[in-house]
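Architecture at a glance
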Amino acid sequence: MHKIYLSLLLTSLTYAQSVSFEEVLSLSLQNNKDLQQQKLNTQLSNLEIKTIDSINYGKLSITEELSRTNHSGYVFNSKLSSRGATFRDFGFVQQNEGIDVQPKDLNYPDARNNYNTKLIYEVPLFTGFKLSNQKDILKLQEKANEIKYNLDKKELSFEILKAYNSAVVAKDFTQALEKAKVAITQISKSADAFHKEGLITKIDVNEAKVYELNINSQLIEASNNFELALAYLRFLSSDDSISDVQTLENITFEIPQENLLYNQALENRDEVKMQNIQVSATKKNIEIANSAYYPSVYSHLEYGFNDNKLTLDDEKDYYMALVGINLTLFDNTRDIEKQKSKIEYAKASLNNEKLKDAIKLELQKTILNLETKEKILIEKIEAKNLAADVLEQSKLLYQNHLISMTTLLQQEANFRKNEALLIQARYEKSLAFAKINLALGKNIKEEKN
């Protein structure tokens, strides 16, 4: 039996894991399905670029066509194409019957098989710069996907930081309540001892018991919140072995002056880079619309064999080389498409300016938020220390029967409230720094490295 318990204990210890923020971050970025999909999107963009290159190289195909017909036109054409036509096929055997006679051999030929084996190469020679502009847009799209991957990575890192620090806060709340439970138990035992000596009434004892029960229920709720926070971390990281977290993660750095802060954000923010790409892409669309005003030049090269049986006989081969030019003389939709492209370009430019204004406001809000959280943290530290002193003094006063149990429990509740507010203030300050880091377009992991 002891061996079974030992085995279960070792198994539990093997699969349990206390993780740091760096470990959770690394696992989450590695296992996140959305990031993996974004990588696949980048690969798709690269393949689209290769598609444009492939179009420029042209298309080579081999075709085998087999037909059987008694259609006079097709029969005559197939005989002529295979260089097998005779004067009989023209109806010359009936030439003495008069000019109005319909030649039977020409109009009512026997059914004929026809095999047409051909090798075809088609390539666009000039598309009015349409293909080259499309390739440029696809390159921009590929770059946008890469930037989107970085943006998603940064936002996910911030979400992981929130989740990790939330788990740490939940753990701290649980530990604080465990300490409070120990303290209240001691107070309850003292109340029992005083009551037995006749120094206090039963009301004080019951009041302490009620308070102890309330602490127990709060501890159960806090433990559940901690487990929920760990479950979310396990979800983000795809690691079911996570059972504990370490210390609160703080992202701290020296904040530059406001004008430098804004310039850094414009330089680093992936949203700005993506919007700049959008502006460039819409400008390229105007050039694509202009391609409709240019002529298109294309070519068709064909080499094949034609006969009433499958053959590669040199006597039955043929070739064809074609170069075509197509120029649209009138199509009013071209002007409409061009105007639509110009409007899209103007909209993208306006969105770019709008984004810059939003970033400036975001930076101002995050800076003010950090300043507020820092001030609140200082106040909460002092308030918690004072509440601790008051609680200790209250315990002494109660032991000397100078205050009631109600007053003592009120001071204990006040201490726990201030302790909880301090834990929350530390959490909010850590997020305030992280929000500035995100507003500057920086990666949390790079900041740590």
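Residues numbered from 1 in each chain as written. Predicted model: local features only at pLDDT ≥ 70, side-chain atom pairs only at ≥ 80, totals over all residues. Heavy atoms only, no water.

To continue, consider a nonpolar patch on the surface. A surface patch of nonpolar side chains, amounting to about 610 Å² of accessible area, comprises L60, I62, L119, Y303 and Y319. Looking at the element boundaries, Y303 is found in strand β5 (residues 296-307). By relative accessible area, which is 37% here, Y303 ends up partly exposed. (Patch = residues over 30% accessible without salt bridge, like charges linked within 9 Å, V, L, I, M, F, W, Y side chains within 5 Å. Areas by Shrake-Rupley, 256 points an atom, 1.4 Å probe, with all protein chains shown as cover. Salt bridge = Lys/Arg side-chain N within 4 Å of Asp/Glu carboxyl O. Helix = DSSP H or I, 4+ residues; strand = E, 2+ residues; numbered from the N terminus. Buried < 20%, exposed > 50% of the residue type's maximum accessible area, 1.4 Å probe, protein only.)

A few words on the packing of helix α6 (residues 130-196) against helix α9 (residues 270-290). At a minimum axis distance of 9 Å, the contact between α6 and α9 shows a crossing angle of 165°. When the interaxial angle is binned, α6 and α9 end up roughly antiparallel. Seen from above, α6 lies across α9 with left-handed handedness. A breakdown of the residues in the contact of α6 with α9 according to their chemical character gives nine nonpolar, five polar and 11 charged. (Axes fitted to C-alpha atoms, helices over the stretch in contact; angles between N-to-C directions. Parallel < 35°, antiparallel > 145°, perpendicular 65-115°, else oblique. Left-handed = near helix turned anticlockwise from the far one by under 90°. Nonpolar A, V, L, I, M, F, W, Y, C, P; charged D, E, K, R; others polar.)

Along the chain, K181 turns up in helix α6. Residues K181 and L199, spaced 18 residues apart in sequence, show a C-alpha to C-alpha distance of 24 Å. Apart from residues lying up to four places away in sequence, K181 is in contact with I215, N216 and L219. (Contact = heavy atoms within 4.5 Å.)

In this structure the tally under the stated criterion is 20 salt bridges. Several salt bridges share partner residues, and in doing so they unite D136, K284 and E287 into one network.

This brings us to the nonpolar core. Within the largest apolar cluster, 41 residues are counted, with the highest numbers of intra-cluster contacts made by V245 and L363. When residues in this core are grouped by element, the largest group, 10 residues, is from α6. Apart from the residues within four sequence positions on either side, V245 is in contact with S18, V19, Y164, A167, V168, K171, F226, L230 and L233. In terms of nonpolar packing, the next biggest core, distinct from the first, is built from 20 residues, A180, A222, A387 and L408 among them. (Core = buried A, V, L, I, M, F, W, Y, C linked by side-chain atoms within 4.5 Å.)

With phi around 60°, R83 is a residue other than glycine that occupies positive phi space. Tracing the chain through its elements places R83 in the loop between α4 (72-81) and α5 (104-107). Although it is not a glycine, H401 adopts a positive phi angle of roughly 60°. Here H401 lies in the loop between α10 (333-399) and α11 (405-439).

Right, let's get into the sheet that holds strand β6 (residues 317-326). Taken in spatial order, the four strands of this open sheet run β2-β3-β5-β6, and their pairing is antiparallel. Each end of this open sheet is capped by a strand with a single partner; those strands are β2 (59-69) and β6. Neighbour-to-neighbour, the strand axes of this sheet turn through a mean angle of 20°, independent of strand direction. Bridge count for strand β3 (residues 112-126) against β5 is 11 bridges, and the pairing is antiparallel. Across the sheet, residue E122 finds its bridge partner in β5, namely H300. The strands touched by α4 are β2, β3 and β5; relative to β3, the strand with the most contacts, the crossing angle is about 75°. (Pairing = 2+ DSSP bridges.)

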